[in-house]
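# Chain and residue survey
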Amino acid sequence: MLNISDANIKFQLENMMVKVLHINYGVFYEPFPKHSHGANFYEAHLVVSGSGTLIADGETYPLQGGTLYMTGPFVSHEQLTQPEDPMDEYCIQFELSEGKGTKQGKISRLLKNTCFWIGEDKQNIRLLFELLTLEEEQKNIGYIESVVNLCSMILVSLARNYDGCRQSAEYASLTPDDKRMVITDNSFLYNSDGLTLTELARRLNLSTRQTERFLKKAYGKTFRQMKNR
């Protein structure tokens, strides 16, 4: 049974400071009454099995195995369960606050600005909760470090669900010089014996003069010095 409430789980995710307040697993035989949370407070639920209903800010949503939902600050919500098919679910409660010295990233922006979300979990968060359960039961050396890492992965997986699993822009936008450095490194690494300045310039789509300037700027060396190295 997973129930973590006093592990002092704190970590920084991009520019946000995360404080995990409670993680638990439970079976709901009775309705959970209407309530809301204060500023910076978020609560994510993963329904494992059973069925029920979520009422959030007056809107009704069906709940079943595989449903993931998150209620953020000031979102009024209550949870109803079917007595003949009670729900069991994982829940993680956490606070987000501004960190220092780091520009806001996409993950922290999604987590901070998403006050309500419901849908199918496409990131297999259940596995992360099961690993947390194992850590809580065994409490082996490195327990806290492992729990922190798993909590961080759960929040990243939440953001990926919100975002629809789109490719990260950080990996999709290399600069022209970045691309040229990859081509240059591979050319000298695998074809240095027969590589000429003219051939490298062709691969980089530059003139030979521009290629020499690029090598000087990026590596601090001439073509001949690169060959010798």
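Up top is the structure these notes are about.
Predicted model, so just to flag it, every value in this text is computed and none were measured. (Residues numbered from 1 in each chain as written. Predicted model: local features only at pLDDT ≥ 70, side-chain atom pairs only at ≥ 80, totals over all residues. Heavy atoms only, no water.)

Take the overall build of the protein chain next. Regarding its fold elements, the protein chain presents eight helices and eleven strands. Here the protein chain, with 229 residues, has 39% of them falling under the buried criterion. As displayed, the protein chain has an accessible area near 13100 Å², and 50% of this comes from carbon and sulfur atoms. The distance from the centre of the 25 positive side-chain charges to the centre of the 28 negative ones in the protein chain is 20 Å. (Helix = DSSP H or I, 4+ residues; strand = E, 2+ residues; numbered from the N terminus. Buried < 20%, exposed > 50% of the residue type's maximum accessible area, 1.4 Å probe, protein only. Areas by Shrake-Rupley, 256 points an atom, 1.4 Å probe, with all protein chains shown as cover. Lys, Arg positive; Asp, Glu negative; His and termini not counted. Charge placed at Lys NZ, Arg CZ, Asp CG, Glu CD.)

Now for the pattern of salt bridges. Scanning the entire structure with this criterion turns up six salt bridges. The salt bridge involving Lys122 is made with Glu120; its shortest N-O contact spans 3.4 Å. Side by side, Lys122 and Glu120 carry an identical accessibility label, which is exposed. Among the ionic pairs, Glu199 bridges to Arg202, the shortest N-O distance being 2.7 Å. (Salt bridge = Lys/Arg side-chain N within 4 Å of Asp/Glu carboxyl O.)

Taken together, four strands build an open sheet; the order of strands is E4-E9-E6-E7 and the sheet is antiparallel. Two strands close off the open sheet at either side, each with one partner strand: strand E4 (32-35) and strand E7 (59-64). For this sheet, the mean inter-axis angle between neighbouring strands, taken without regard to orientation, is 20 degrees. In the sheet, strand E6 (residues 51-56) pairs with E7 via six bridges, with the strands oriented antiparallel. Note that in E7 the partner of Thr53 across the bridge is Pro62. (Pairing = 2+ DSSP bridges. Axes fitted to C-alpha atoms, helices over the stretch in contact; angles between N-to-C directions.)

Inspection of the entire model under this criterion finds zero disulfides. Cys151 provides the cysteine sulfur closest to Cys91, a residue in no disulfide bond, and the two sulfurs are 12 Å apart. Here Cys115 stays free of any disulfide, with the sulfur of Cys91 as its closest cysteine sulfur at 16 Å. (Disulfide = S-S within 2.5 Å.)

Where helix H5 (residues 176-191) contacts helix H7 (residues 208-219), the two axes come as close as 11 Å, and the packing angle between them is 95 degrees. Between H5 and H7, the angle is such that the two are roughly perpendicular. Side by side, H5 and H7 meet where Asp177, Arg180, Met181, Thr184 and Asp185 of the first sit next to Phe214, Leu215, Lys217, Ala218 and Tyr219 of the second. Taken together, the residues of the contact of H5 with H7 sort by class into five nonpolar, one polar and four charged. (Parallel < 35°, antiparallel > 145°, perpendicular 65-115°, else oblique. Contact = heavy atoms within 4.5 Å. Nonpolar A, V, L, I, M, F, W, Y, C, P; charged D, E, K, R; others polar.)

Looking now at the packing of aromatic side chains. Under the counting rule described, the total for this entry stands at eight aromatic pairs. Residues Tyr90 and Phe129 carry aromatic rings whose centres are separated by 4.8 Å and whose planes lie at 5 degrees to one another, so their mutual orientation is stacked. Of this pair, Tyr90 sits in strand E10 (residues 87-98) while Phe129 sits in helix H2 (residues 125-138), and the two are 39 residues apart along the sequence. You can call Phe129 buried: its relative accessible area is 2%. (Phe/Tyr/Trp six-rings, centres within 6.5 Å; stacked < 30°, edge-to-face > 60°.)

It is worth spelling out the side chain of Asn15 at this point. With respect to the helices and strands, Asn15 occurs in the loop between strand E2 (9-13) and strand E3 (16-28). Residue classification places Asn15 among the buried residues on the basis of a relative accessible area of 4%. At a separation of 3.3 Å, a polar atom in the side chain of Asn15 contacts the side chain of Glu98. Engagement of the side chain of Asn15 in a polar contact is seen with the side chain of Ser108, the distance being 2.8 Å. (Polar contact = N/O pair within 3.5 Å; in protein donor to acceptor, adjacent residues only side chain to side chain.)

So far we have only geometry, and geometry alone does not tell us how the molecule works.
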